[in-house]
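Structural features, examined
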Amino acid sequence: FVPGTESAFDFLHIPVMLVSYMAWGWHALWAAVAVLILPLVLSDEWRFLPGDKFMDELINSAILFGIGFCFQKMVLSYQKINGMYKIIQGQNQTLEVYARQIEKLTLAEERNRLSRELHDTVGHVFTTTITGMDAVYLLIDLAPHEAKKNLKELLQVTRSGLDEVR
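Just so it is clear, the structure is predicted and the values come from calculations on it, not from any experiment. (Residues numbered from 1 in each chain as written. Predicted model: local features only at pLDDT ≥ 70, side-chain atom pairs only at ≥ 80, totals over all residues. Heavy atoms only, no water.)

Tracing the backbone shows Thr129 in helix 4 (residues 51–142). Each residue touching Thr129, except ones within four places of it in the same chain, is listed here: Leu154 and Thr158. (Helix = DSSP H or I, 4+ residues; strand = E, 2+ residues; numbered from the N terminus. Contact = heavy atoms within 4.5 Å.)

As structure tokens, then:
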């Protein structure tokens with residue numbers, strides 16, 4: 001505060017900022033006209049102000065109006081950003097749920113695939129072994145040498161099947 005610089009319009013500084021903060025859209029234009037010009041025009045005080053002092057008061061009021069309007073925009077931007085942040089958090093939670101579901105589905109599919117492969121391998125080895133043993137059982141009395149040869153092949157098939165299952 002500098003002595004001798006006070007004005008009859010100093011009491012308007014806070015209301016000018018508040019009105020500009022509360023003004024929305026086109027209402028801000030009308031509020032600017034009302035807040036900046038009407039107090040100066042309707043007051044008897046402006047007649048006694050020198051020309052440069054009148055312009056100083058008008059510029060001060062305009063700057064304060066702009067500060068209030070900018071503050072309003074900052075508050076609105078902050079609120080909008082917070083709203084978007086909450087939406088993003090919700091979307092992230094949804095994505096995490098989807099990722100866990102995809103992981104479970106992938107594991108289930110892999111287990112099913114391994115189960116089918118294991119089933120096919122074991123089934124093939126057992127089928128071959130049983131069929132071969134039936135043939136060896138019939139050949140053992142008729143052609144023992146041929147039966148030993150077939151039995152040796154069956155052992156090889158069974159061992160390779162066991163290795164494949166492992």
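The subject of this paragraph is the side chain of Gln72. Summarising the element assignment, Gln72 is placed in helix 4. A relative accessible area of 2% places Gln72 in the buried class. Looking at Gln72, its side chain comes within polar contact range of the main-chain oxygen of Ala23, at 2.4 Å. For Gln72, the residues in contact, after removing those within four places along its chain, are Ser20, Tyr21, Met22, Ala23 and Trp24. (Buried < 20%, exposed > 50% of the residue type's maximum accessible area, 1.4 Å probe, protein only. Polar contact = N/O pair within 3.5 Å; in protein donor to acceptor, adjacent residues only side chain to side chain.)

One finds Leu12, Val16, Ala23, Ala28, Ala31, Ala32, Val35, Leu64 and Phe65 forming the largest nonpolar core, which totals nine residues. Elements that contribute at least two residues to this core include exactly helix 2 (27–36) and helix 4. In terms of residue count, the dominant contributor to this core is helix 2 (four residues). Ignoring any residue separated from it by four or fewer positions in sequence, one finds Ala28 in contact with Ala23, Phe65 and Phe69. (Core = buried A, V, L, I, M, F, W, Y, C linked by side-chain atoms within 4.5 Å.)

By themselves these figures say nothing about function.
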